[in-house]
Amino acid sequence: MKTLALETSAKSVSVAVTENGTLLAQAYQDRGLTHSVTLMPLLDGMLKTAGLTLDDMDIIAVAQGPGSFTGIRIGVSAAKGLAWAKALPCCGVSTLEAMAYGVTDFEGIVVGAMDARRQQVYNALFRTENGRVTRLCADRAVAMELVAEELAAMPEPKLIVGDGAVLLYDFLQKAGIGCRLASPLHRQQSAAGVALAAEHLAAQGLTCSAQELQPVYLRLSQAERERLARGLSLTAE
């Protein structure tokens, strides 16, 4: 089973193809360019140099959030379009869970962290053991103090991953919580992790159609918050 994965949830953008746990191809870029400009050329180039086409794929996977609202929309929209064109099933993957699948050689607690601003992080905790990933809590947008409180009660080694890893690491160090940062190579979001997580989900039958695939933002956008603050509805009347 070949899985094509897209990752556009943060500043970097990446694409990958895996087959039964093996990474066949991958392309990554972190130049600060708009994903709407870079994603499809990156995908096209990767497939061509790997001698693959969309016809070879069995599943289209995408990091569906949390993360950048605009980035997530771009990735999910692209995945829906690719899947629709070839009538392929989709697999929406948690950005945070995908990062845990990128560090399965680590034994302990993997702490996903993305800067959610407003003094919060998008966070989830996972236990990695013998190459397996076990989720310990749901994805959430929380204050770093809460993460520190939970980690203080966990004796296992702790590894921080994600584009908010340095932010959370610095906070945890000041709070006296022992942990370490993932290496720069494994710290950022990656489509390879998305593909590996999608393989696990697909094995459990957790796929959906292109029509059913939706982004997961965890919280309202600034525009939606401002609209509610003015007493207006979020939907057109």
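Residues numbered from 1 in each chain as written. Predicted model: local features only at pLDDT ≥ 70, side-chain atom pairs only at ≥ 80, totals over all residues. Heavy atoms only, no water.

**A word on the sheet that holds strand β4 (residues 59-65)**
What links the strands of a sheet is backbone hydrogen bonding, and the strands pair in either a parallel or an antiparallel sense.
Here is step 1 of the chain: Reading across the sheet, the 5 strands line up as β3-β2-β1-β4-β5 and stay open at both edges, with mixed pairing between neighbours. If you trace the sheet from one side to the other, it starts and ends with β3 (22-29) and β5 (90-94), each paired once. Along the sheet, successive strands turn relative to each other by an average axial angle of 20°, direction set aside.
Here is step 2 of the chain: In the packing of helix α1 (residues 35-50) onto the sheet, the strands contacted are β1 (2-7), β2 (13-19) and β3, and the crossing angle to β2 comes to about 30°.
Here is step 3 of the chain: Packing against the sheet, helix α2 (residues 69-86) makes contact with β1, β4 and β5, and its axis sits at approximately 160° to β4. (Pairing = 2+ DSSP bridges. Helix = DSSP H or I, 4+ residues; strand = E, 2+ residues; numbered from the N terminus. Axes fitted to C-alpha atoms, helices over the stretch in contact; angles between N-to-C directions. Contact = heavy atoms within 4.5 Å.)

**Regarding the layout of surface pockets**
Where empty space is left becomes clear once a probe the size of a water molecule has been rolled over the atoms.
Here is step 1 of the chain: Space inside the largest pocket adds up to approximately 550 Å³.
Here is step 2 of the chain: What lines the largest pocket is a set of 26 residues, among which G102, V103, L185, H186 and S190 lie closest to the centre.
Here is step 3 of the chain: If you list the elements that add at least two residues to the lining of the largest pocket, you get β3, α3 (95-101), α6 (184-187) and α7 (191-203).
Here is step 4 of the chain: Per element, the largest residue contribution to the lining of the largest pocket is 4 residues, and it comes from β3.
Here is step 5 of the chain: Across the lining of the largest pocket, the residue classes tally to 13 nonpolar, 11 polar and 2 charged. (1 Å grid on protein atoms, 1.4 Å probe; cavity = no way out; pocket = protein on both sides within 12 Å on 5 of 7 lines; lining within 4 Å. Points joined across faces, edges and corners; volume = space filled by probe spheres on them. Nonpolar A, V, L, I, M, F, W, Y, C, P; charged D, E, K, R; others polar.)

**Quick look at the packing of helix α4 (residues 144-152) against helix α5 (residues 165-174)**
Each pair of packed helices gets described by two things: the angle between the helix axes and the distance between those axes.
Here is step 1 of the chain: Closest axis-to-axis distance for the α4/α5 pair is 10 Å, and the angle between their directions is 60°. Classified by the angle their axes make, α4 and α5 are oblique. Relative to α5, the crossing made by α4 is right-handed. Contact with α4, carried on its side by M144, E145, V147, A148 and L151, involves L167, L168, F171 and L172 of α5 and no other residues of that element.
Here is step 2 of the chain: The residue inventory of the contact of α4 with α5, partitioned by class, reads 8 nonpolar, no polar and 1 charged. (Parallel < 35°, antiparallel > 145°, perpendicular 65-115°, else oblique. Left-handed = near helix turned anticlockwise from the far one by under 90°.)

**Things to note about unusual backbone geometry**
Here is step 1 of the chain: Put simply, G65 and P66 share a cis peptide bond, and its omega is 5°.
Here is step 2 of the chain: With respect to the element layout, P66 can be found in the loop between β4 and α2.
Here is step 3 of the chain: Phi at A87 is positive, roughly 55°, even though this residue is not glycine.
Here is step 4 of the chain: Structurally, the position occupied by A87 is in the loop between α2 and β5.
Here is step 5 of the chain: On the accessibility criterion, A87 (69% relative accessible area) is exposed. (Buried < 20%, exposed > 50% of the residue type's maximum accessible area, 1.4 Å probe, protein only.)

**Digging into the side chain of S12**
Here is step 1 of the chain: Topologically, S12 is positioned in the loop between β1 and β2.
Here is step 2 of the chain: Dropping the residues within four chain positions of it, S12 is found in contact with E7, Y28, Q29, D30, H35 and Q189.

**Describing the environment of V166**
Here is step 1 of the chain: Tracing the backbone through its elements, the reader meets V166 in helix α5.
Here is step 2 of the chain: By relative accessible area, which is 40% here, V166 ends up partly exposed.
Here is step 3 of the chain: For the pair formed by V166 and T34, sequence separation is 132 residues and the distance between their alpha carbons is 23 Å.
Here is step 4 of the chain: Apart from the residues lying within four places of it in its own chain, the contact partners of V166 are L181 and R187.

**Quick look at the pattern of salt bridges**
Here is step 1 of the chain: In the structure shown here, the tally under the stated rule is 7 salt bridges.
Here is step 2 of the chain: Salt-bridge contacts for K2 lead to E19; the nearest nitrogen and oxygen are separated by 3.3 Å. Of this pair, K2 sits in strand β1 while E19 is found in strand β2, placing the two residues 17 residues apart along the sequence.
Here is step 3 of the chain: On the basis of relative accessible area, E19 is assigned to the partly exposed category, the value being 29%.
Here is step 4 of the chain: Measuring nitrogen to oxygen at the nearest pair gives 2.8 Å for the salt bridge that ties D55 to K86. Of the two residues, D55 sits in the loop between α1 and β4 while K86 sits in helix α2, which places them 31 residues apart along the sequence. (Salt bridge = Lys/Arg side-chain N within 4 Å of Asp/Glu carboxyl O.)

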